[in-house]
Amino acid sequence: MSGLIGDLLEGVVDFVTDIWVVRRKRAANGRPANSWGRDAADTVVFDAWVIGLSMLALTIGALMMFMLKLPLWLSLAPLAAVIVYTCYRWIALTRA
């Protein structure tokens, strides 16, 4: 039970830290501050996209490796594309 509670607390701290980082980056760039609610909503949408795209990329990579018998380095291409896209979206989120 303590593992579940610890994981939940870690998730909450991670979420609050993400919002704090977004607000600090915007302030450092001289952008006007958004409300906490809008920043939280933007962070939730970003996290949902990251989780969904990561699951899709891992599924496609597994299919490429086990069903199509492609080599591992080629099967990791969808995951690499998701990593590049999420880095781009994180930069766009902190600039907005």
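The structure reproduced in this document is the subject of the present report. (Residues numbered from 1 in each chain as written. Predicted model: local features only at pLDDT ≥ 70, side-chain atom pairs only at ≥ 80, totals over all residues. Heavy atoms only, no water.)

1. Focus on unusual backbone geometry
Residue lysine 69 is not a glycine yet carries a positive backbone phi of 60 degrees. Tracing the backbone through its elements, the reader meets lysine 69 in the loop between helix 2 (36–67) and helix 3 (72–75). (Helix = DSSP H or I, 4+ residues; strand = E, 2+ residues; numbered from the N terminus.)

2. Thoughts on the environment of glycine 61
Structurally, glycine 61 is set in helix 2. We classify glycine 61 as buried; its relative accessible area is 9%. Distance from glycine 61 to lysine 25, taken between C-alpha atoms, is 34 Å for residues 36 residues apart in sequence. Apart from the residues within four sequence positions on either side, glycine 61 is in contact with Ser75 and Pro78. (Buried < 20%, exposed > 50% of the residue type's maximum accessible area, 1.4 Å probe, protein only. Contact = heavy atoms within 4.5 Å.)

3. As for helix 1 (residues 2–28)
Here helix 1 is 27 residues long and its end C-alpha atoms lie 38 Å apart, about the 39 Å a rise of 1.5 Å per residue gives. Those residues of helix 1 that sit buried are Asp18, Ile19, Val22 and Arg26. Tucked inside the fold, the buried residues of helix 1 contact helix 2 and helix 4 (77–95). (Expected span 1.5 Å × (residues − 1).)

4. Here we look at the packing of helix 1 against helix 4
The interhelical angle for the contact between helix 1 and helix 4, taken along N-to-C directions, is 60 degrees, at an axis separation of 8 Å. Of the possible angle classes, the one that applies to helix 1 and helix 4 is oblique. Touching Asp18, Val21, Val22, Lys25 and Arg26 of helix 1 are Trp90, Leu93 and Thr94, all from helix 4. When the residues that make up the contact of helix 1 with helix 4 are grouped by side-chain class, the tally is four nonpolar, one polar and three charged. (Axes fitted to C-alpha atoms, helices over the stretch in contact; angles between N-to-C directions. Parallel < 35°, antiparallel > 145°, perpendicular 65-115°, else oblique. Nonpolar A, V, L, I, M, F, W, Y, C, P; charged D, E, K, R; others polar.)

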